[in-house]
Each structure stands twice: as structure tokens, then as C-alpha cells.
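Each chain, written out:
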Amino acid sequence: MAEKRLIILGAGPGGYVAAIRAAQLGAKVTVIEDTEVGGTCLNRGCIPTKALIASAEAIDKINRAEEYGIDIKGEVSFNLSKIIERKNKVVAIQVKGIRSLFKSWGIELLEGRGKIKDVNKVDVALKDGSNKTAEGDNIIIATGSRPARLPIFPFDGKDVITSDEALNITEIPKSVLIVGAGVIGCEFAFILKELGAEVTIVEMLSHAVATEDEEISEILERELKKRKIKLILNTKIEKIERGSEGSLTAVLSDGKQIKTEKVLVSIGRALNTENIGIEELGIKKGKKGEIEVNNRMETNVKGIYAIGDVVGGIMLAHVASTEGIVAAENIMGHSREIDYNIVPAGIFTMPEIGSVGLREKQANEKGMDIKVGRFQFRGLGKAHAMGEIAGMAKIIADAKTDKVLGLHIIGAHAADLVHEGAVAMKLGAKVKDIANTIHAHPTLSEAIMEASEDLHKMAIHLPKP
Amino acid sequence: MSPNDLKYHKEHTWARIKGKKATIGITHYAQESLGDIVYLELPEVDTEVDKDAGIAEIESTKATSPIIAPVSGKIIEVNEELSESPEIINEDPYEKGWIAVIEMSNTKEIEELLDPKDYDKYVEEEAK
């Protein structure tokens, strides 16, 4: 049988993972990428922000050196360009890694902009100016998303910016107004505050990181306050005005005005569905402009699949990668469906957040009978020893079956710790199973064990209620 | 035991009443149970608060706990010193460790609060 040829538009975490899986299964793969392999995640999202956060955490620890019995004589200062350079190095190593994986698996990389001509052809306008036509048996659209730019914000790439530009700032602003207290807004708030800026966040909804469990949001809001990051909730920005001296004034929906040096807009992502041939081929789009797909990642056009941010849904890198694997395996003759029930996520604020499964509010809205267990990090010897006592673990179970429905953690290493909950959910485990599993002492994971015990009112390290 | 010029709420907050204004804080029993206080989330001036509702969160090395409003009204002043030095509450919970001043919306609520003797008795029962 002739080798299957697969064309993938986009080499982000969706596209490049789909490419490698397909190649592993014997396909001849061509990936078309118009910016850089690794996509948003590697170049403008997950990785660079975590590199900056590592620098911010180092600054924070140094500022708290006295707490740990360390006296610093003389001045400690940081070098912004070196921080950005380090971030660039971290990204570059990863980019090299993906390119070398492509070579290893014999995946062809066409660097340019692709447009689907028909179900078997994609025209590519290469970066060097020439054109090439890629032919294949199947196509996967994995073109991703970009920061949403609403017209009310006078973007100039310098003072009114998105996360893309924020990752490459050349000087620390005296003040910054962040629009949107979602994941991106909150992560940048902590980074910029640590770098010395005065930070104000304006959020339309009633909570920061409103997609998280409400108690987790409340704790994060307190942590923002502790660091003197001003958070204004339930408020929209009506307009941004430029003053004569180059200053910016934001007018809020409650009439208040905020003067600021820079505005960072992080209100969401716009999908990259323009000019890739979707309309011409009659590929169906949904209400928010997302490409509609079924559980097998198939679009309405036979042979064409779509994955990642461009299909809307849960816009996370690891979800895109899983969708990429599902699409690749289906194309190569397997039969797989995507399952979105267990998707852990991490937010790299200070402290971190890790969550998986149902939020308490969601469970209540569904009319479910649930039990909840909680344990504060400050109840752990390890947290005190580390000097990181803020946070808590919260576990939710079905009241009748005791099965784990959700685990929400805020505190040091939360994004790593949460996976205990993900595995428990995957195995249909009960909260009692977690409580009855020995957890090493002294570790932060004990918070999960104690929260599990607390669900049954048996936590050893909590006073009698 | 507990200061004579104050009124007390079962959730271990006190109120010093002067006309329509109530200065509030947490009691000695509360600060002792909490241990070393490391952070106090001060309420914002102009916030409307309800009696029996939480108006701020206090964090110690042992626990986090809401501060319950002993009376309803509007916050007209907060003790800013506590944001830099929350441990003042441990050192002097009834004077220097005052938390906020509430302009009462219903002075009748004072009658629902406990007298010093009754509060002390209540704490003794709790501690058993």
C-alpha cells in the first residue's frame, strides 16, 4: 500500500505532535509553519512566560533573603536584557529540539504561509519568496490563535501591547494597567510587579482566574493584594486616551480614570482561521468562528481535520497535543475519540495554581451531591520549612460513590502536585484511596492526603471541629 | 479579664462604641488561638458591611480566618499600620491593634453583642 501523505498547517504543540505521531505510524508528513516551530506555546506563551517567572521568583527569594538567615551586603540589582536573553535561550533550545525531532522522523518542514486549495493540495508561499504546492491524502489544520485585539485599544506595540510584546520589553514601565485577570493577565501581573512596576489589573468578571474554583480565586486575589497589585473587578475599560506627554489614561465603566505608562491587554485569543482556504472549501465554522470538529477531530469536509486553539474549546497546549495525536491516529487507520473530562491545568502565579476536574460551583449547578475536603499548606511542616505557607488543597468527591471529581490546589508546586488528582480520576479512584495511600513526609503532597482525610472529617492535622 | 468598655461578638471580635461609630478588632482569645499573625487583608474604606459577615481575612502561621463584623454599617477608617506590621494585633489586640472603624447603620445591633463578663464565660466554655 502506498505511503499515506499528511499535510499539517501549523507546527505548534498541536501540529508538531500530530506530525511526529503520524510519522511514527508510517505517514509521510509535511508541516507548514509561517512563524517558528513550537507555535505560540514555545515562542510566545507557555515556555517564555515560565522562563520570566523563574527570574521573578529568583528576585522574590533574594528580596526575602533575610527570612532565610542570609545577609546581603551591598546592592542587588537585576538586568532586564539579561532576563530576556535567558528567556530567548530557553526558547531557542526547545525550537532546536523540535527541528531535530522533525529531521529524525523524516518530517518535511516548509517555512511559509499555507493556503488549502482542495482536500489534497496546499499552496505554500515560502519565506524565501518562492511558491510550492504540497500534496497529501489528508490535511490537519493546526493554525492556532493570537492575542485578541479589540479596536477600543489603541495598540502601538510599545505602550499599548499584548502578551507577545510584553515578552520582549526593553525597559520596566513605572506603571502598567493589565486588562483581564485571566491566566495571562495574572501571570504577567506577578512578573511585572517583581520587576518593579506598579501594577493594576482591571477585570470584567467578579473574580480573577474566574475559570478556577472560587475559593482558589479568592486566595489568589489575596496574594495579589499582599504584593500590592491592585485588582479592580466587575469593571470594563471604556476607552484608553493618549495624553500630550505620551501618558495613557484609561476610563473605566464606573467612571474612574487610571493614568498609566503602559497598557497590557490580555482579554483572550483570536483564532487564526483567515486566509487559509476554509471558506473556499466550505469548512464549517461555529458561533465563535472556531472550526467545527467531531470527537475524532474531523471537520465537515472528508479528509480534513482540525486541532488545537483553532477548534476553540479548551485552549491549552497539552489539549492541542492530545487532539493532534487523536487526529493523527485516526488518519492512520486507528479509531480514537478525544476525551475532555480530565484536563489538568497550571497557572504560574505566585503561588502556583493546579486544577483538574469539577469546580465546586459547577458540581452544585449540575445538582450533584458532593463532599469537599480542604487542607491549608500552612498546616504542613514542609511548607513552613520552605517558607512558602500560602495555599491550600481542595478535593471534591461524589457524596455517594466517594469518587474523585476534582482537585484544586494553590501553593508551591501546585501545577505539578495536581496530577495526583488527574490519575485518581482516570482510574475512577475514591478519595479514600488517596487518603489510604502513604504520602512521603515531609512533602507538599501531604496536603492532598490531609484534604482527602478532611473530606471524611478525619484529618489528623486539623483540630476537632 | 476582657476590657470593660467594649462589647463582644461570639466570633471573637470586639467593638468600642462612640456614638454612631464602632472601632473594631479581634479579641485576645482570637489572637492567641491564631498564633503569629503574618498578614491581614484590610477591608476597603467605604465598603458596606453586614453584621455576622466576614469583612476581612487574617492569616497566621497556623491558620487563615475571616474577621466577622460585630455590627453593620460602612467602613470609614482602617488601621493602615497593620498592613506592614500585622503582628501589632498579637501585641496589643484592643488598642494599637484596632482594625477598622464602622459607621453603624443600626445602633440597635449593639444590644445583640455580649458584655465583657458574658464573653469571658463564653470563651471559657469554648476552651473546654
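About the thresholds
- Residues numbered from 1 in each chain as written.
- Chains lettered and ligands numbered in written order.
- Predicted model: local features only at pLDDT ≥ 70, side-chain atom pairs only at ≥ 80, totals over all residues.
- Heavy atoms only, no water.
- Helix = DSSP H or I, 4+ residues; strand = E, 2+ residues; numbered from the N terminus.
- Buried < 20%, exposed > 50% of the residue type's maximum accessible area, 1.4 Å probe, protein only.
- Contact = heavy atoms within 4.5 Å.
- Domains from an automatic or database assignment.
- Pairing = 2+ DSSP bridges.
- 1 Å grid on protein atoms, 1.4 Å probe; cavity = no way out; pocket = protein on both sides within 12 Å on 5 of 7 lines; lining within 4 Å.
- Points joined across faces, edges and corners; volume = space filled by probe spheres on them.
- Nonpolar A, V, L, I, M, F, W, Y, C, P; charged D, E, K, R; others polar.
- Patch = residues over 30% accessible without salt bridge, like charges linked within 9 Å, V, L, I, M, F, W, Y side chains within 5 Å.
- Areas by Shrake-Rupley, 256 points an atom, 1.4 Å probe, with all protein chains shown as cover.
- Salt bridge = Lys/Arg side-chain N within 4 Å of Asp/Glu carboxyl O.
- Lys, Arg positive; Asp, Glu negative; His and termini not counted.
- Charge placed at Lys NZ, Arg CZ, Asp CG, Glu CD.
- Phe/Tyr/Trp six-rings, centres within 6.5 Å; stacked < 30°, edge-to-face > 60°.
- Lys NZ or Arg CZ within 6 Å of the ring centre and 35° of its normal.

**Student:** Explanation requested: the environment of Ile116 of chain A in the structure shown.
**Tutor:** Residues and elements named next belong to chain A. Tracing the backbone shows Ile116 in strand β3 (residues 108-118). Owing to a relative accessible area of 2%, Ile116 belongs among the buried residues under this scheme. On a C-alpha basis, the gap between Ile116 and Gly277 in space is 4.8 Å, while along the polypeptide they are 161 residues apart. Excluding its chain neighbours within four sequence positions, the residues that come into contact with Ile116 are Leu9, Lys121, Val122, Ile139, Ile141, Ile276, Gly277 and Leu281.

**Student:** What exactly am I supposed to notice about the domain arrangement of chain A here?
**Tutor:** For interface size, the figure often reported is the accessible area lost on association. Domains assigned within chain A are domain 1 (5-146 + 271-331), domain 2 (160-267) and domain 3 (351-455). Just the C-alpha atoms count here: the centres of domain 1 of chain A and domain 3 of chain A sit 31 Å apart.

**Student:** Would you take a moment to explain the pairing of strand β7 (residues 64-68) of chain B for this structure?
**Tutor:** The two faces of the sheet receive side chains in turn, since in a regular strand these alternate between them. Residue and element names in this part refer to chain B. Judged from the five bridges that link them, strand β6 (residues 54-60) and β7 form a sheet pairing that is antiparallel. If you follow Ala56 over to β7, its bridge partner there is Ile67. Hairpin remark: β6 followed by β7, antiparallel, with three residues in the connecting loop.

**Student:** Just checking my understanding: could you explain empty space enclosed by the protein for this structure?
**Tutor:** Vacant regions in the atomic arrangement are exposed by a probe of water-molecule size rolled over the atoms. Residues and elements named next belong to chain A. Scanning the model with the defined rule gives three cavities of 30 Å³ or more in all. Quantified by volume, the largest cavity comes out at close to 50 Å³. As for the largest cavity, its lining consists of Ile161, Ala166, Ile169, Pro173, Val176, Leu192, Lys262 and Leu264. Of the residues belonging to the lining of the largest cavity, the class tally is seven nonpolar, no polar and one charged.

**Student:** How should the sheet that holds strand β2 (residues 13-18) of chain B be read in this particular structure?
**Tutor:** All names here are of chain B. Read across the open sheet, the six strands follow the order β1-β2-β3-β9-β8-β5; overall the sheet is antiparallel. In this open sheet, the two edge strands, each paired with only one partner strand, are β1 (7-9) and β5 (48-49). Relative to β2, β1 runs antiparallel, the two being bridged by three bridges. What sits directly across from Lys7, in β2, is Ala15.

**Student:** For this particular structure, what's the right way to read a nonpolar patch on the surface?
**Tutor:** Among the surface-exposed residues, Ile62, Tyr68, Ile70, Ile72 and Val76 of chain A lie close enough to one another that they form a single nonpolar patch of about 410 Å² accessible area. Note on Ile62 of chain A: relative accessible area 38%, which makes it partly exposed.

**Student:** What should I look at first to understand a positive patch on the surface in this one?
**Tutor:** On the surface, a cluster of positive charge is contributed by Lys371, Lys403, Lys430, Lys432 and Lys457 of chain A. Mapping Lys432 of chain A onto the fold places it in helix α14 (residues 431-435).

**Student:** Could you clarify how one ought to interpret the packing of aromatic side chains in this entry?
**Tutor:** Two measures describe an aromatic ring pair: the distance that separates the ring centres and the angle between the ring planes. Here the structure, examined in full by the defined rule, presents three aromatic pairs over all chains. For the pair Tyr8 of chain B and Tyr119 of chain B, a centre-to-centre distance of 4.7 Å together with 10° between the ring planes defines the contact as stacked. A residue pair is termed long-range when its members are at least 10 positions apart, and Tyr8 of chain B in strand β1 and Tyr119 of chain B in helix α4 (residues 116-127) qualify at 111 residues. Classification of Tyr8 of chain B by relative accessible area gives buried; the value is 0%. Here the guanidinium or amino end of Arg149 of chain A rests over the ring plane of Phe155 of chain A, the centre of that ring lying 4.8 Å away.

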